[in-house]
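# Reading the structure
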Amino acid sequence: MDLPPRDGGNPGAADERDTSAPVRPRHVHTPDGVRQSDPSPPCDPVTSAATARAHVLAVVRSHWDTAPVRPAEQAVTDLLLVTSELVSNAIRHGGGLAGFEAVPTREGVRLVVRDRSPDIPSVAFGTGELPHRQDRGGFGWPLIIKLARDIVIEPRVDGKTVSVLVPLG
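A brief report on the enclosed structure follows. (Residues numbered from 1 in each chain as written. Predicted model: local features only at pLDDT ≥ 70, side-chain atom pairs only at ≥ 80, totals over all residues. Heavy atoms only, no water.)

## Concerning helix α2 (residues 73–93)
Stated precisely, the cut-off is as follows: Helix and strand assignments follow DSSP, with helices taken as H or I runs no shorter than four residues and strands as E runs no shorter than two, numbered in order from the N terminus. Any helix carries an expected span of 1.5 Å times its number of residues minus one.
Over its 21 residues, α2 extends 30 Å from the first C-alpha to the last, a length consistent with the 30 Å expected when each residue adds 1.5 Å. Of the residues one or two after α2, G95 is the one with positive phi, at around 80 degrees.

Now the structure itself:
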């Protein structure tokens, strides 16, 4: 599997900055699937789509580098696109990024993004059809719906949590 550069760069994507406190990933899974606190030193804080992509690449590398079967390059590209869309939505429309996790599973990677807005996007449970209009925007949720599964949006007192599973198999 050829993964993008280790710096997490994506020259075609905008780097959305969030001025709120940095969010550090908190958990890892052991090879037997048990979730536990990450004993390793803290990684770079997730404050933008770019730092989220870099973190997700690090998770993919650490989990699948020694695996007998590695995810296809297209699957990793899809994962990075969904990561960018979820984090960008939290920053642009959700009042800021309040939490981020990328958890490897047997099927792929579960992304968990928390933001500060209780508003649930009306298109989040749509069909995934791309907009037919010529206006800018409106493509993020349809892409997420097409590329991810097990989409769960949970309201919280201080915002919401969006969780999706992006298959890598």
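## Some thoughts on the sheet that holds strand β3 (residues 97–104)
Which entries qualify depends on this criterion: Two strands pair under a simple rule: DSSP has to find at least two bridges between them. A fitted line through C-alpha atoms serves as each axis, taken over the contacting stretch for helices, and the angle formed by two N-to-C directions is quoted from 0 to 180°. Any two residues whose heavy atoms approach within 4.5 Å are treated as being in contact.
As summarised here, the arrangement of the 4 strands in space is β3-β4-β6-β5, forming an open sheet in which the pairing is antiparallel. The strands lining the two open edges of the sheet, one partner per strand, are β3 and β5 (149–156). Between one strand axis and the next, the sheet turns by 10 degrees as a mean value, whatever way the strands run. The pairing of strand β4 (residues 108–115) with strand β6 (residues 159–167) spans 8 bridges and is classified as antiparallel. Of the residues in β6, the one forming a bridge with R114 is T161. Contacts from helix α1 (residues 49–64) reach β3 and β4 within the one sheet, and its direction differs from that of β3 by about 20 degrees.

## Things to note about the packing of α2 against helix α3 (residues 140–147)
To be explicit about the condition: Relative orientations are named as follows: roughly parallel for angles under 35 degrees, roughly antiparallel for angles over 145 degrees, roughly perpendicular for angles from 65 to 115 degrees, and oblique for any other angle. Handedness of a helix crossing follows the sense of rotation of the near helix relative to the far helix, less than a right angle counterclockwise being left-handed and clockwise being right-handed. Classification used: nonpolar for Ala, Val, Leu, Ile, Met, Phe, Trp, Tyr, Cys and Pro, charged for Asp, Glu, Lys and Arg, polar for all others including Gly.
Where α2 meets α3, the axes come as close as 10 Å, and the angle between the chain directions of the two elements is 140 degrees. Classified by the interaxial angle, the pair formed by α2 and α3 is oblique. Once α2 is placed against α3, the crossing between them reads as left-handed. In this structure, α2 uses D78, L81, V82, E85, L86 and N89 to contact α3, whose residues at the interface are G140, W141, L143, I144 and L147. Of the residues contributing to the contact of α2 with α3, the split by class is 7 nonpolar, 2 polar and 2 charged.

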